[in-house]
Amino acid sequence: GQQVMQIPQYQHVQEGEDFTTYCNSSTTLSNIQWYKQRPGGHPVFLIQLVKSGEVKKQKRLTFQFGEAKKNSSLHITATQTTDVGTYFCAGQAGGTSYGKLTFGQGTILTVHP
Amino acid sequence: NAGVTQTPKFQVLKTGQSMTLQCAQDMNHEYMSWYRQDPGMGLRLIHYSVGAGITDQGEVPNGYNVSRSTTEDFPLRLLSAAPSQTSVYFCASSYQVSGANVLTFGAGSRLTVL
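Residues numbered from 1 in each chain as written. Chains lettered and ligands numbered in written order. Predicted model: local features only at pLDDT ≥ 70, side-chain atom pairs only at ≥ 80, totals over all residues. Heavy atoms only, no water.

**Q** Can you explain the overall build of chain B? Please cite residues and give values.
**A** Across its full length, chain B carries 0 helices and 11 strands. In sequence order, chain B lays out its α and β elements as β-β-β-β-β-β-β-β-β-β-β. For 114 residues, the compact-globule formula gives about 13 Å, and the C-alpha radius of gyration of chain B, at 13 Å, lands near that figure. The C-alpha extent of chain B, read off along each of the three principal axes, is 45 × 30 × 25 Å. Split into buried and exposed, the 114 residues of chain B put 49% on the buried side. In chain B, once contacts between residues fewer than 6 apart in sequence are set aside, the share between residues at least 24 apart is 52%. Counting every atom, chain B has about 5,100 Å² of accessible surface; 51% of that belongs to carbon and sulfur. (Helix = DSSP H or I, 4+ residues; strand = E, 2+ residues; numbered from the N terminus. Rg over C-alpha atoms; globule rule 2.2 N^0.38 Å. Buried < 20%, exposed > 50% of the residue type's maximum accessible area, 1.4 Å probe, protein only. Contact = heavy atoms within 4.5 Å. Areas by Shrake-Rupley, 256 points an atom, 1.4 Å probe, with all protein chains shown as cover.)

Below, the structure written as structure tokens:
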């Protein structure tokens, strides 16, 4: 079945440093989504990428979708303590509109002030 | 507008007991799903439903049952709890954005099986 691998599993940074998490799928995706889960909370949708090579920005966050639609990355510039949490990618295979999402293992980000 | 509501938030069971995790959404979403979250494993799909009366298995369905009699409700039943089912369970409902299945999660239910 479809597998989505995410690295690194953990990342510790000093406030102000940059952070990147990477996501790789074993199969071509129709879209990829990113979610953030604050400590003790539930995952919250951040963004979706649909097009090959797509790049989207949300303030200090930059999301990329690979040309082959099998990999993606999330980059945070100048991290802040509010960025702490677990970041998940989730890939949706092609086909039906309600295609199942396969989540990566998540990257736990710790930001030291 | 409450979104996705899960109950209970916490539950402790003994091995062999049964229970039902409740999930309700008020957004009229067709798609609902259950995930479990374990350290280092991400979110794994247990069961999902694309509409009332339609359910299907996800990645880790063993030991769980679901039904979808209404659009709003999607309960998850543990038939005979085992310690391996100790986890945090999330219910999610879905809307579509440009063909993508975007999930809205409930607050989660933390289950401990002794």
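**Q** How would you explain the state of the cysteines if you had to name every residue and give the values?
**A** In the structure shown here, the tally under the stated rule is 2 disulfides over all chains. The disulfide partner of cysteine 23 of chain A is cysteine 89 of chain A, and the S-S distance across this bridge is 1.9 Å. Taking the torsion about the S-S bond as the criterion, the cysteine 23 of chain A to cysteine 89 of chain A disulfide, at about 70 degrees, is right-handed. Of the two residues, cysteine 23 of chain A sits in strand E3 (residues 19-25) while cysteine 89 of chain A sits in strand E9 (residues 85-93), which places them 66 residues apart along the sequence. Of the two residues, cysteine 23 of chain A and cysteine 89 of chain A, both sit in the buried class. Covalently, cysteine 23 of chain B is tied to cysteine 91 of chain B through a disulfide, its sulfur atoms 1.9 Å apart. What sets the handedness of the cysteine 23 of chain B and cysteine 91 of chain B disulfide is the S-S torsion sign, and at about -75 degrees it is left-handed. Here cysteine 91 of chain B lies in strand E9 (residues 87-97) and cysteine 23 of chain B lies in strand E3 (residues 19-25), a separation of 68 residues in the sequence. Here cysteine 23 of chain B and cysteine 91 of chain B have matching classes, each one buried. (Disulfide = S-S within 2.5 Å.)

**Q** Could you give me a rundown of the side chain of arginine 36 of chain B, with the residues and numbers involved?
**A** All names here are of chain B. Positionally, arginine 36 belongs in strand E4 (residues 31-38). When its relative accessible area of 8% is taken as the criterion, arginine 36 is described as buried. Among the polar contacts made by the side chain of arginine 36, one reaches the main-chain carbonyl oxygen of threonine 86 at a distance of 3.5 Å. (Polar contact = N/O pair within 3.5 Å; in protein donor to acceptor, adjacent residues only side chain to side chain.)

**Q** Outline the packing of aromatic side chains, listing residues and values.
**A** Inspection of every chain in the model, using the stated rule, returns 12 aromatic pairs over all chains. Look at phenylalanine 103 of chain A and phenylalanine 105 of chain B: their rings are 6.2 Å apart centre to centre, the planes differ by 70 degrees, and that puts the pair in the edge-to-face class. With one member in each of two chains, phenylalanine 103 of chain A in strand E10 (residues 101-103) and phenylalanine 105 of chain B in strand E10 (residues 100-105) form a pair that bridges those chains. According to the relative accessible area criterion, phenylalanine 103 of chain A is buried, its value standing at 6%. By relative accessible area, phenylalanine 105 of chain B is classed as buried at 5%. Ring pairs connect the aromatic residues Tyr35, Phe45, Phe88 and Phe103 of chain A together with Tyr35, Phe90 and Phe105 of chain B, which therefore count as one cluster. The ring of phenylalanine 74 of chain B carries arginine 68 of chain B above its face, with NZ or CZ at 5.9 Å from the centroid. (Phe/Tyr/Trp six-rings, centres within 6.5 Å; stacked < 30°, edge-to-face > 60°. Lys NZ or Arg CZ within 6 Å of the ring centre and 35° of its normal.)

**Q** Describe in detail the interface of chain A and chain B, supporting the description with residues and values.
**A** Listed per partner, the contact involves 20 residues of chain A and 26 residues of chain B. Carbon and sulfur atoms supply 58% of the area buried between chain A and chain B, which totals about 1,900 Å² over both sides. The interface formed by chain A and chain B holds 0 salt bridges in total. Linking chain A with chain B are 4 residue pairs in polar contact (both at pLDDT 80 or more), by the criterion used here. Taken together, the elements giving at least two residues each to the side of chain A that touches chain B come down to strand E4 (29-37), strand E5 (43-49), E9 and E10 of chain A. (Buried area = accessible area lost by both parts, 1.4 Å probe. Salt bridge = Lys/Arg side-chain N within 4 Å of Asp/Glu carboxyl O.)

**Q** Lay out the sheet that holds strand E1 (residues 4-7) of chain B with the relevant residues and their values.
**A** Residues and elements named next belong to chain B. One open sheet accounts for 4 strands, arranged E1-E3-E8-E7; its pairing is antiparallel. Strand pairing shows two members of the sheet lacking a second neighbour, E1 and strand E7 (64-66), which therefore form its edges. Put simply, the sheet's adjacent strands are angled 20 degrees from each other on average, direction ignored. Sheet analysis places E7 next to strand E8 (residues 76-78), joined by 3 bridges and oriented antiparallel. Residue pairing in the sheet places asparagine 65 in a bridge with arginine 77 of E8. (Pairing = 2+ DSSP bridges. Axes fitted to C-alpha atoms, helices over the stretch in contact; angles between N-to-C directions.)

The analysis is restricted to geometry; functional conclusions fall outside its scope.
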